[in-house]
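A structural walkthrough
Now for the letters of each chain:
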Amino acid sequence: MAAATDLDPLMAEFCNYLRRRDVSQGSYALAKKTVETMREFITLRRWTTAKELIGLVQAATRQIESGRTDEFVVGNMTRRVLRLIRDVYTDCQEASEKSSKDNSAATATTSLHELMMASDRPCDYSVPFKSLRGDIMQAIQELLVELEGSADHIALQALEHIHVKEIIMTLGHSSTVEAFLKAAAKKRSFHVIVAESAPSYKGQRMAMSLGQAGIETTLITDSAIFAVMSRVNKVIIGTSFIAADGGLLAVSGSHALALAARQHSVPVIVCAATFKLCPKYFCTYDPDSFNSLASPTQIAEYSDGDVAGGVHIAYPLFDFVPPDLVNLFISNTGGNAPSYVYRMLGEYYHEDDFEL
């Protein structure tokens, strides 16, 4: 197995990309870039067995996360790749065992016993297979195709959740929510209320885009959310990450929006692709462990130094929304309640890769 120091060049280049990238590009671009980088990493590295490859990818993931702990999508996608490696190895192993079996009655009896004990048999991923590399590359390509169509698959479900004459509220700008609402507007007439999400005011861009698509749209200030909520039928928002307990790490202001929705018994729907599922828990008493602070220049400019010099200004980018404030997740695989997130984590990640 290659030493950890051999991972430095390619992973260092990727870490530089993370530091320089434009955050306005969204999570999809980051997820795609991560998978493409891991595909290149697997292609260039020398390895013989799945065990060696898993060790290399795990070491690379640790190196990335040590540099950027706030980019959870990166860790999500490397863990998806690790799950693909494990699944491909299992398929190769099963195909090899099936082809080597004899059709005699004694072998059939042994096979039945092996079938019953298969779930308890440990897998060390140490057997080399000729087709392993090619099958892993094919699986990664299928993952890229899944990422590309994730937003479209979420938008296809819009008509199941948005009905005629409803009033929908959203916050800020989310490309997934935007596509979701525009897909519903092709056959349904409804009204969207957009909170502007100060101080970034990305809600203004959202309102303009929806208005240009022919959707009746009203832009409000964040302070008017509670006053208007009594007229709303449902809240639809996006998110940056979904925690292991079903909580959200969404744009700042989402927690207040969700609290107002609960007070008025308005359902909260979250549109998020499966690559945003994160097998981690967030400590609400330690926001620095998962949140990021942006420059306060959007609130107080440098020219106001005499006034703002003695004021401490915190500009958090995200809010943590507890799972009890969310009614439904809509992903590219369908709709699920927050309590089902743990099952989805088991489908997309291996338990040995939750903590690297």
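Computed from a predicted structure; not experimentally measured.

We now examine the nonpolar core. Grouped together as the largest cluster of nonpolar side chains are 69 residues, with contacts concentrated most on Phe41, Ile42, Ile85, Leu132, Ile136, Leu181 and Ile236. With eleven residues, the top contributor of residues to this core is helix H4 (residues 72–99). When near neighbours in sequence (up to four residues on either side) are disregarded, Ile42 contacts Trp47, Leu53, Val57, Val81, Ile85, Arg133, Ile136, Met137 and Ile140. Counting residues in hydrophobic clusters, the runner-up holds 33 residues, among them Ile193, Ala244, Tyr348 and Tyr349.

With that out of the way, let us pick up empty space enclosed by the protein. Inspection of every chain in the model, using the stated rule, returns two cavities of 30 Å³ or more. Taken as a whole, the second largest cavity encloses approximately 40 Å³ of empty space. Along its surface, the second largest cavity is lined by Ile242, Ala272, Leu277, Phe329, Ile330, Ser331, Val341 and Met344. Listing elements by their share of the lining of the second largest cavity, those giving two or more residues are strand E9 (328–331) and helix H12 (341–348). Top contributing element to the lining of the second largest cavity by residue count: E9, with three residues.

Take the sheet that holds strand E7 (residues 268–271) next. The sheet built from seven strands is open, its strands ordered E3-E2-E1-E4-E7-E9-E10 with mixed pairing. Of all the strands in the sheet, just strand E3 (216–220) and strand E10 (334–336) have a single pairing partner and so form its edges. Pairs of neighbouring strands in the sheet enclose a mean axial angle of 25 degrees, with direction left out of account. As defined by bridge partners, strand E2 (residues 191–195) adjoins E3 across five bridges and the pair is classed as parallel. Paired with His191 across the strands is Glu216, a residue of E3. Those strands touched by helix H7 (residues 175–185) are strand E1 (167–171), E2, strand E4 (234–238), E7 and E9, and its axis lies near 135 degrees from that of E4.

In this section: the pattern of salt bridges. Enumeration according to the criterion identifies six salt bridges in this entry. Between Arg83 and Asp87 there is a salt bridge; the shortest N-O distance is 3.1 Å. In this pair, Arg83 and Asp87 are both assigned in helix H4, four residues apart and thus about one turn of the helix distant. Using a relative accessible area of 18% as the deciding quantity, one classes Arg83 as buried. Using a relative accessible area of 30% as the deciding quantity, one classes Asp87 as partly exposed.

About the criteria used
Residues numbered from 1 in each chain as written. Predicted model: local features only at pLDDT ≥ 70, side-chain atom pairs only at ≥ 80, totals over all residues. Heavy atoms only, no water. Core = buried A, V, L, I, M, F, W, Y, C linked by side-chain atoms within 4.5 Å. Buried < 20%, exposed > 50% of the residue type's maximum accessible area, 1.4 Å probe, protein only. Helix = DSSP H or I, 4+ residues; strand = E, 2+ residues; numbered from the N terminus. Contact = heavy atoms within 4.5 Å. 1 Å grid on protein atoms, 1.4 Å probe; cavity = no way out; pocket = protein on both sides within 12 Å on 5 of 7 lines; lining within 4 Å. Points joined across faces, edges and corners; volume = space filled by probe spheres on them. Pairing = 2+ DSSP bridges. Axes fitted to C-alpha atoms, helices over the stretch in contact; angles between N-to-C directions. Salt bridge = Lys/Arg side-chain N within 4 Å of Asp/Glu carboxyl O.

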